[in-house]
Amino acid sequence: MTSYTFLVVLAIILLSTKVLGLASGKVKMPQVVGALVAGLILGPSVLNLVVEDNFVAVIGEIGVIMLMFSAGLETDLQELKKTGVASFIIAVVGVIVPLIGGAGLYLAFFNGEGDAQHMLKAIFVGVILTATSVSITVETLRELGKLKGKVGTAILGAAVIDDILGIIVLTIVSSFTDPDVQVGVVLLKILGFFLFIAVVGFFVYKYFKHLGTSFAAKMHRRVAIYALAFCFLMSYCAEHFFGVADITGSYFSGLLLCNLSNVRDYVARKIDICSYMLFAPVFFAGVGIKTNLAGLTPHLLVFAVLLLVIAILSKIVGCSLGAKACKFTNYESLCVGVGMISRGEVALIVAQKGAAAGLVSDTLFAPVILVVIVTTLITPILLKLVMGDKPTDNPVATA
């Protein structure tokens, strides 16, 4: 017999994220903060009303893919070209500093006597801290009206490059415990992904440019459907064939269309309606729902707090230094550093892969989860404080 409990779960998530989102807006905070808090309250950490089953996970995954597709559509390609080198430098420094900080803390906090993989485990803690989840930052910048422009584009570019660098580091570290993983093959796959983007992107761009010309007077719904289907296919190909995160594929699919102004604007409107009605709220709530802080002992709590401090400071310092080296102003450098703090689902994925490789114990999951949820919650708040209220482009409706 079919169970319809999922309908109740969806209703609870949608209502709670919207109510708490509006409440966070009343106190001058981005609505995404309320959505994340709603997930914490609904999940095992507080009320335990909703568990993250396969249904919630799949809907949330679609939500983050659509968010990144929208971010790609809204990217200013000319600005991205200007900040491309800067984004790369920001990403590189933003990976190195957290990697050293996380590994150093683990070595100082835990005695590895008799553990042959002690150094690998320390490095892997650093690898977890290198992750950046840009989806929360994207939503916050959108609400603040600052997704476009030099800082927003640099953050997006750096986060995408950060994802690629994280995959490379993750693969190299994991290869020491799994002889079946070949670093060279993975690097070739990543190179192949970008070649695939270039070839497919050329034909897709030409096709959508033709559609934009054919339907110049009035767009047809088929254009948005074709675009969304293209986004999902690119996300699948990125993960399945090249081992690159699906959100990277979705971001690049939006990036390929961002220069076609009439197509971009129409598709973005349709995607935003679809995303914010269902998929995005489930994703944001899901970050909190999957969190269970019950495993934090006093000893681990101290480690978690120190790990959290390093997680925040290492991204701010590392990415700000990278931005400053690229002649960003002090204010812009700080904004970039703050925008890269959030770890989100990316760090959870990295931690799970570490657990599968035997490099992250069950006891370390609680500190990692605390870092993930706090950095996810604090990023939009800090961005709001640092970047202020005055928008620089047109944010989507949030009421």
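Further up the page is the structure itself.
Residues numbered from 1 in each chain as written. Predicted model: local features only at pLDDT ≥ 70, side-chain atom pairs only at ≥ 80, totals over all residues. Heavy atoms only, no water.

(A) Unusual backbone geometry, seen in detail. The backbone phi angle of N48 is positive, close to 55 degrees, even though this residue is not glycine. Owing to a relative accessible area of 46%, N48 belongs among the partly exposed residues under this scheme. Of note in this structure, K327 is not a glycine but carries a positive phi near 70 degrees. Within the secondary structure layout, K327 lies in the loop between α12 (298–325) and α13 (330–339). (Buried < 20%, exposed > 50% of the residue type's maximum accessible area, 1.4 Å probe, protein only. Helix = DSSP H or I, 4+ residues; strand = E, 2+ residues; numbered from the N terminus.)

(B) Representation of the packing of aromatic side chains in the model. On inspection of all chains with the given rule, the structure shows 16 aromatic pairs. On the basis of an interplanar angle of 70 degrees and a centroid distance of 5.0 Å, the ring pair of F110 and F303 is categorised as edge-to-face. Here F110 is found in the loop between α4 (77–109) and α5 (118–130), whereas its partner F303 is found in helix α12, with 193 residues between them in sequence. Ring geometry for F194 and F252: centres 5.8 Å apart, planes at 85 degrees, overall edge-to-face. Note that F194 is positioned in helix α8 (residues 183–214) and F252 in helix α10 (residues 246–257), a separation of 58 residues in sequence. Classification of F252 by relative accessible area gives buried; the value is 14%. One aromatic cluster is present, formed by F193, F194, F196, F242, Y251 and F252 through successive ring pairs. Stacked on the ring of F328, the Lys or Arg K150 has its end atom at 4.4 Å from the ring centre. (Phe/Tyr/Trp six-rings, centres within 6.5 Å; stacked < 30°, edge-to-face > 60°. Lys NZ or Arg CZ within 6 Å of the ring centre and 35° of its normal.)

(C) Seen up close, a positive patch on the surface. Residues K218, R221, R269 and K270 make up a contiguous surface patch of positive charge. Relative to the helices and strands, K218 resides in the loop between α8 and α9 (221–242). (Patch = residues over 30% accessible without salt bridge, like charges linked within 9 Å, V, L, I, M, F, W, Y side chains within 5 Å. Areas by Shrake-Rupley, 256 points an atom, 1.4 Å probe, with all protein chains shown as cover. Salt bridge = Lys/Arg side-chain N within 4 Å of Asp/Glu carboxyl O. Lys, Arg positive; Asp, Glu negative; His and termini not counted. Charge placed at Lys NZ, Arg CZ, Asp CG, Glu CD.)

(D) Up close: the packing of helix α2 (residues 31–42) against helix α11 (residues 261–289). Interhelical geometry of α2 versus α11 gives an angle of 45 degrees and a closest axis separation of 6 Å. Relative to α11, the element α2 is oriented oblique. The element α2 and its partner α11 pack so that their crossing is right-handed. Contacts from V32, A35, L36, G39 and L40 of α2 reach α11 at F284, A285, V287, G288 and I289. (Axes fitted to C-alpha atoms, helices over the stretch in contact; angles between N-to-C directions. Parallel < 35°, antiparallel > 145°, perpendicular 65-115°, else oblique. Left-handed = near helix turned anticlockwise from the far one by under 90°. Contact = heavy atoms within 4.5 Å.)

(E) A look at the packing of α8 against α10. At a minimum axis distance of 9 Å, the contact between α8 and α10 shows a crossing angle of 40 degrees. Crossing geometry of α8 relative to α10 is assigned as right-handed. Where α8 abuts α10, its residues F193, F194, I197, G201, V204, Y205 and F208 lie against T248, G249, F252, L256 and L257. Looking at the contact of α8 with α10 residue by residue, the class counts come to 9 nonpolar, 3 polar and no charged. (Nonpolar A, V, L, I, M, F, W, Y, C, P; charged D, E, K, R; others polar.)

(F) Fine view of the environment of Q78. Of note, Q78 is situated in helix α4. On the basis of relative accessible area, Q78 is assigned to the partly exposed category, the value being 42%. Considering only alpha carbons, one finds Q78 and A294, 216 residues apart in sequence, at a separation of 47 Å.

(G) Main features of the nonpolar core. One finds F208, F284 and V336 to be the most contacted residues of the largest nonpolar core, which totals 126 residues. Excluding anything up to four places from it in sequence, F284 contacts V32, A35, L36, L67, S135, I136 and E139. (Core = buried A, V, L, I, M, F, W, Y, C linked by side-chain atoms within 4.5 Å.)

(H) Just empty space enclosed by the protein, in detail. Considering all chains together, one arrives at 2 cavities of 30 Å³ or more under this definition. Around the largest cavity, the lining residues are M68, T132, V134, A159, V160, D163, I247 and T248. At the level of elements, α7 (150–175) and α10 are the ones that each hand at least two residues to the lining of the largest cavity. For the lining of the largest cavity, the leading source of residues is α7, giving 3 residues. Split into classes, the residues belonging to the lining of the largest cavity amount to 5 nonpolar, 2 polar and 1 charged. In this structure, the second largest cavity encloses a volume near 30 Å³. For the lining of the second largest cavity, the element with the highest residue contribution is helix α15 (residues 365–387), accounting for 3 residues. (1 Å grid on protein atoms, 1.4 Å probe; cavity = no way out; pocket = protein on both sides within 12 Å on 5 of 7 lines; lining within 4 Å. Points joined across faces, edges and corners; volume = space filled by probe spheres on them.)

(I) Representation of the state of the cysteines within the structure. Applying the stated criterion to the full structure yields 0 disulfides. Free cysteine: C237, not disulfide-bonded; nearest cysteine sulfur from C231 at 12 Å. Take C237: its relative accessible area is 15%, and that puts it in the buried class. (Disulfide = S-S within 2.5 Å.)

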